[in-house]
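What follows is the residue order along each chain.
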Amino acid sequence: MRQTRTIQIAKYSLLFMLCVGGFFSIQAQISGTVTSIQSGHVVVIDVMSGDTLAYGEIEDRRFHVELNRQPDSSMALPAMLMCLRKDRRSSISVPVALEQVQIYVTIGVDQWTTYSGSPLQNQFSAFISRYSEIEAQLQDQTSQLVQNSIQNEMGHELEQFYLDNRLGKLWQFTALLLTDAVRRRLVDPRSFRTIPMLCAEDTLQEWDKLMCDQIEKFNQDWIGLPYIDFDGILPDGSPLDLQDRIGGKIILLDFWASWCGPCIQEMPELKELYSEGEVEIIGISIDSGKAAWQKNLEKLNLPWFNIWDENGRIAKLYNVTSVPAKFVIDKNGIIVARNPDDLRRVLQQLQR
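Residues numbered from 1 in each chain as written. Predicted model: local features only at pLDDT ≥ 70, side-chain atom pairs only at ≥ 80, totals over all residues. Heavy atoms only, no water.

A. A look at helix α8 (residues 261-275). The terminal C-alpha atoms of α8 lie 23 Å apart, and with 15 residues this matches the ideal 21 Å at 1.5 Å per residue to within 8%. At Met267, α8 is bent by approximately 35°, the largest bend along its length, and proline Pro268 sits one to four residues beyond. All of the buried residues along α8 are Cys263, Met267, Leu270 and Leu273. At its buried positions, α8 is contacted by β11 (250-256), β12 (279-285), β14 (325-329) and α11 (343-351). Immediately downstream of α8, the backbone of Gly277 shows phi near 80°, a positive value. (Helix = DSSP H or I, 4+ residues; strand = E, 2+ residues; numbered from the N terminus. Expected span 1.5 Å × (residues − 1). Bend = angle between axes of the 7 residues up to and from the residue. Buried < 20%, exposed > 50% of the residue type's maximum accessible area, 1.4 Å probe, protein only. Contact = heavy atoms within 4.5 Å.)

Here's what the structure looks like:
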């Protein structure tokens with residue numbers, strides 16, 4: 001039985017955001033059904049504090065719990081609804097946006113989830129359904145090209161949902177959901193169009209700060225780590241091993257594809273940098289077909305090492321989810337930059 005990543009948000013991912021608190025009063029209620037668990041327990045956990053908000057029983061696949069507190073009327077409280085079998089061999093966790101209404105949750109046999117009880121719950125349900133649909137498409141694809149396209153689509157969907165709800169009750173929840181998606185690299189924040197400008201504002205709410213910090217960290221995670229070795233075959237059939245190139249010049253790994261417009265647009269600048277003789281470039285094509293890669297190599301006349309990343313093997317090592325993607329490796333084999341805004345400046349600093 002397939003378990004989507006949306007469900008996995010519940011178990012571990014969103015619970016990392018425990019640094020923001022919030023205490024509320026007045027009771028709220030959640031009723032629902034869970035198809036795959038006949039009897040067991042249900043727990044509702046506050047994502048922001050980690051506190052248990054409610055605990056109850058599942059009987060004949062149904063449950064009803066009363067919460068010991070509920071969200072402020074102006075903001076839905078992000079929570080996780082966890083359903084466990086009595087023998088603990090099976091559990092299901094789903095996100096839930098708590099508000100001052102009776103909420104109804106239905107968890108299907110393949111772990112799809114619907115929510116109802118208010119217009120906001122209907123809106124939340126529609127988004128979770130769409131999010132799950134995109135994740136299922138991503139999980140079912142092996143082509144790197146298709147995965148990149150789906151991840152970009154997911155990024156646009158998440159950003160739009162966040163922007164649509166930035167001044168509404170789901171603001172807090174959508175900011176945390178987006179934060180989690182970036183942290184788990186389900187989306188590449190470089191696909192966002194508007195959020196980077198919002199992150200530059202001085203007046204940010206706490207959950208927005210978490211989101212913006214995670215986006216900023218996205219390109220910093222690799223800095224200071226040693227390179228990951230890989231090998232490949234050059235166009236003339238000779239082998240290339242990254243570890244054999246370490247220690248000479250500064251190395252730039254350039255992940256690209258023949259269908260990537262921004263990648264092609266950057267080639268003249270890379271040629272200029274390469275001609276100065278201080279950096280060695282290794283081009284890594286994630287094209288799904290070798291023929292397209294070879295055709296464009298001839299057309300672009302790239303003077304540096306180039307290999308085709310068959311089946312996305314190297315891209316997976318470096319967690320590359322979209323192109324262009326660049327890694328700068330110093331002469332000691334340490335990654336000093338990932339997708340730097342000013343590549344020339346980074347290279348000049350290393351040459352001093």
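From this point on, the discussion continues.
B. View of the environment of Gln351. By the secondary structure assignment, Gln351 is in helix α11. In the structure, Gln351 is positioned 73 residues away from Glu278 in sequence and 7.8 Å away in space, judged by C-alpha atoms. Non-local contacts of Gln351, meaning those with residues more than four positions away in its chain, are made with Ile250 and Glu278.

C. Just the packing of aromatic side chains, in detail. What the rule picks out here adds up to ten aromatic pairs. Taking 6.2 Å as the distance between ring centres and 80° as the angle between the ring planes, the aromatic pair formed by Phe230 and Tyr318 counts as edge-to-face. Remark: Tyr318 occurs in the loop between α10 (313-317) and β14 and Phe230 occurs in the loop between α6 (206-218) and β9 (231-233); sequence separation between them is 88 residues. On the basis of relative accessible area, Phe230 is assigned to the buried category, the value being 3%. Among the residues examined, Tyr318 registers a relative accessible area of 0% and is labelled buried. Judged by centre distance (5.9 Å) and plane angle (75°), the ring pair of Phe255 and Phe327 falls under edge-to-face. (Phe/Tyr/Trp six-rings, centres within 6.5 Å; stacked < 30°, edge-to-face > 60°.)

D. Region of the structure containing helix α9 (residues 290-300). When α9 is considered as a whole, its buried residues turn out to be Trp293, Asn296, Leu297 and Leu300. Taken end-on, α9 shows its buried residues confined to a sector of 110°, consistent with a single buried face. Seen from the open side of α9, the exposed residues pointing more than 90 degrees away from its buried face are Ala291, Lys295, Glu298 and Lys299. Buried residues along α9 sit in contact with β9, β11, α8, β12 and β13 (305-308). Asn301 lies just past α9 and shows a positive phi near 55°. (Arc of directions from axis to C-beta.)

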